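Architecture and fold: a report
One letter stands for each residue in the lines below.
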Amino acid sequence: MIRNTIVALAGLALLAGCGGNEAEGEKKSEMASVRDLMKDEVQPTAEIYWGSAGSVSDENGMTDLTPTTDEGWQKTRDSAVKLGELGKKLMEPQYSKDRGEGWIRLSQGLIDVSKIAEQAAADKNPDKVFEVGGTIYDVCTACHQAYPQSEAPSAEGDGTAAAG
Ligand code: HEC
């Protein structure tokens with residue numbers, strides 16, 4: 001079956017957030033707000049969806065991540081709905097300002113894929129949830145490539161600051 005390929009999905013959760021490691025100097029600036037939304041809401045929500053398909057392997061062998069209860073499926077479905085809401089949120093001026101039309105298109109992409117994702121969870125279709133999970137990942141990646149992460153807090157422009 002699809003046992004072999006299916007392992008990959010859980011790993012996507014790690015890849016999606018391209019190594020945000022510095023937590024220091026976080027100011028509540030406008031630039032930081034997209035980052036905060038990603039870190040606090042988009043990433044955890046996507047992880048719920050990604051964590052609902054495929055398998056993880058450990059010393060006991062493969063553990064199937066497919067929900068086994070109605071509550072579990074509902075959680076998957078809720079996470080899909082939430083991703084769509086977050087896509088809408090990303091379109092708000094607070095986040096979309098000065099980012100052009102591409103931003104709106106990419107945010108709409110998240111909304112579109114969230115609907116397919118919700119349907120797959122509503123259908124309790126593990127293969128479909130797995131497949132759509134990959135598509136969600138592609139949507140995340142497309143935006144991250146178009147709008148790279150802001151390197152550092154943009155308060156001081158100079159590279160090396162000696163002051164301590
Ligand atoms: C419409 C554009 C867009 C979409 C869609 C998008 N992101 Fe982001 N994401 C960004 C931008 C821009 C940043 C960089 C923010 C910054 O550093 O100022 C970012 C940063 C992140 C970060 C790093 C946050 C940190 O701690 O620095 C994570 C994690 C992340 N995104 C996860 C996701 C996931 C998961 C998805 C898909 C479910 C996704 N993003 C979809 C625009 C997007």
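These remarks concern the structure in this document. (Residues numbered from 1 in each chain as written. Predicted model: local features only at pLDDT ≥ 70, side-chain atom pairs only at ≥ 80, totals over all residues. Heavy atoms only, no water.)

**Looking at the pairing of strand E2 (residues 61-64)**
Direction of pairing for strand E1 (residues 55-58) relative to E2: antiparallel, over a ladder of four bridges. Across the sheet, residue Ser57 finds its bridge partner in E2, namely Met62. (Pairing = 2+ DSSP bridges. Helix = DSSP H or I, 4+ residues; strand = E, 2+ residues; numbered from the N terminus.)

**Observations regarding the coordination of the iron atom of the ligand**
Each pair of donors in an ideal octahedron of six around a metal sits at 90 or 180 degrees, and each pair in an ideal tetrahedron of four sits at 109.5 degrees. Binding of the iron atom of the ligand to the protein goes through Met38 (SD) and His144 (NE2), at separations of 2.0 to 2.3 Å. Of note is the iron atom of the ligand, whose six donor atoms meet at the metal with angles of 83 to 178° in an arrangement that counts as octahedral. Linking Met38 in helix H3 (residues 30-50) with His144 in helix H7 (residues 126-146), this pair joins segments that are 106 residues apart in sequence. Residue classification places Met38 among the partly exposed positions, given a relative accessible area of 22%. By relative accessible area, His144 is classed as partly exposed at 30%. (Donors = N, O, S within 2.8 Å, 3.2 Å for Na, K, Ca; no water. Tetrahedral: all angles 85-135°; square planar, octahedral: opposite > 155°, others 65-115°. Buried < 20%, exposed > 50% of the residue type's maximum accessible area, 1.4 Å probe, protein only.)

**Some points on the environment of Asp127**
Its location among the elements puts Asp127 in helix H7. As for Asp127 and Thr66, which are separated by 61 residues in sequence, their C-alpha atoms are 9.5 Å apart.

**Topic: the site of the ligand**
Around the ligand lies a shell of 20 residues, among which Met38, Cys140, Cys143, His144 and Ser150 are the nearest. At 3.1 Å, a side-chain N or O of Arg35 approaches an oxygen atom of the ligand. In this structure, a nitrogen atom belonging to the ligand sits 2.8 Å away from a side-chain N or O atom of His144. Of all the elements in the fold, those that place two or more residues in the shell around the ligand are H3, helix H6 (100-122) and H7. Broken down by element, the residue count for the shell around the ligand peaks at nine residues, all from H3. A per-class count over the shell around the ligand returns eleven nonpolar, six polar and three charged. (Near = heavy atom within 4 Å. Polar contact = N/O pair within 3.5 Å; in protein donor to acceptor, adjacent residues only side chain to side chain. Nonpolar A, V, L, I, M, F, W, Y, C, P; charged D, E, K, R; others polar.)

**Focus on the pattern of salt bridges**
With the rule as written, the count across this model stands at seven salt bridges. The closest approach of N and O atoms between Glu41 and Lys82, which form a salt bridge, is 3.3 Å. Highlighted residues: Glu41 in helix H3 and Lys82 in helix H4 (residues 70-91), separated in sequence by 41 residues. Among the residues examined, Glu41 registers a relative accessible area of 23% and is labelled partly exposed. A salt bridge links Asp70 to Lys124; its shortest N-O distance comes to 2.7 Å. (Salt bridge = Lys/Arg side-chain N within 4 Å of Asp/Glu carboxyl O.)

**Things to note about the nonpolar core**
Judged by nonpolar contacts, the single largest core of 27 residues is most densely connected at Tyr49, Val132 and Ile136. Broken down by secondary-structure element, the contributors of at least two residues to this core are H3, H4, H6 and H7. When residues of this core are assigned to their parent elements, the largest contribution, eight residues, is made by H7. (Core = buried A, V, L, I, M, F, W, Y, C linked by side-chain atoms within 4.5 Å.)

**Structural notes on the packing of aromatic side chains**
Inspection of every chain in the model, using the stated rule, returns two aromatic pairs. Between Trp103 and Tyr147, the ring centres sit 4.9 Å apart and the planes meet at 85°, which makes this aromatic pair edge-to-face. A residue pair is termed long-range when its members are at least 10 positions apart, and Trp103 in helix H6 and Tyr147 in the segment after H7 qualify at 44 residues. Classification of Trp103 as buried rests on a relative accessible area of 2%. (Phe/Tyr/Trp six-rings, centres within 6.5 Å; stacked < 30°, edge-to-face > 60°.)

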